[in-house]
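Breakdown of the fold
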Amino acid sequence: MKPKFAVKLVVPMLIASSAAMTGCSSTTKVSRVDTNEEIALSDKWNAKDSQLVAEAMISDMLGFPWVREHRAKEGTRPAIIIQSVRNKSHQHIAVDTFLNDLKRAILRSGQADFVANRYVRDEIREERRDQELNSSLETRNEIGQEQGADYALSGTINSFVDEQGGSRVTFYQVDLRLIDMTTNREVWNGQKKIQKLQERSGYGF
């Protein structure tokens, strides 16, 4: 008789415990926000950093004398190709997103043209070869009419972290340089720094 009595007591307790746990379970809420609004959940590099750095650096780059000198000499807008931007920071950064932000800033300025990199060019060249075989004379695009780049843009992203107690400062530094493709002359060198402070009530991150 005692084991049956014990079972009668345990079962209601388990049900009550399960109900309590269910009542305390957390819920997740998802809402749409403006993509231009920065939502900083940590001190990590984010999409807003990428956008702001790209716009600031391209604005600075196009304000240097090389643009005016190129127009005066060639009579055309300079053509730029982005070679590579290496991530040497302590965290994973979506470099492709940053490169796209750089491209958009260049094209939006209207002061320079952008030339596709070799991977994109290979795909376009394959399409032109297909046009040579299958497209009409009126609509096919001729081979050998590509615009060459006048300048090459490249650089690095670095970071430094200083941490003590419940505070951490993360410092990002982006360095870009623009090289004249004909002379290898460096016509512009830009640098942009971002510093983020993250604080927690407890110690450690």
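The model shown is predicted, which means the values in this text are computed figures rather than measured ones. (Residues numbered from 1 in each chain as written. Predicted model: local features only at pLDDT ≥ 70, side-chain atom pairs only at ≥ 80, totals over all residues. Heavy atoms only, no water.)

Okay, the confidence of the model for the chain next. Within the chain, residue pLDDT values average 84, and 80% of them lie at 70 or more. Here helix H1 (residues 2–24) stands out as the least confident element of the chain, with mean pLDDT 51; helix H3 (residues 65–74) is the most confident, with 96. (pLDDT = per-residue confidence, 0-100. Helix = DSSP H or I, 4+ residues; strand = E, 2+ residues; numbered from the N terminus.)

For strand E4 (residues 167–180) and strand E5 (residues 186–199), the ladder comprises 13 bridges, and the chain directions are antiparallel. Of the residues in E5, the one forming a bridge with Arg-168 is Gln-198. Where E4 hands over to E5, the hairpin turn is made up of five residues, of which Asn-184 adopts a positive phi near 60 degrees. (Pairing = 2+ DSSP bridges.)

In a beta sheet, neighbouring strands are held together by backbone hydrogen bonds and run either parallel or antiparallel to one another. With mixed pairing, five strands are arranged side by side in an open sheet as E2-E1-E3-E4-E5. The outermost strands of the open sheet, each flanked by one partner alone, are strand E2 (113–115) and E5. Sheet twist, expressed as the average angle between the axes of neighbouring strands with direction ignored, equals 30 degrees. (Axes fitted to C-alpha atoms, helices over the stretch in contact; angles between N-to-C directions.)

Before going further, it helps to examine the nonpolar core. Core analysis: the largest hydrophobic core is formed by 30 residues, its most contacted members being Trp-66, Leu-102 and Leu-153. When contributions to this core are tallied by element, the ones reaching two or more residues are helix H2 (47–62), H3, strand E1 (79–87), helix H4 (95–109), strand E3 (151–164), E4 and E5. (Core = buried A, V, L, I, M, F, W, Y, C linked by side-chain atoms within 4.5 Å. Buried < 20%, exposed > 50% of the residue type's maximum accessible area, 1.4 Å probe, protein only.)

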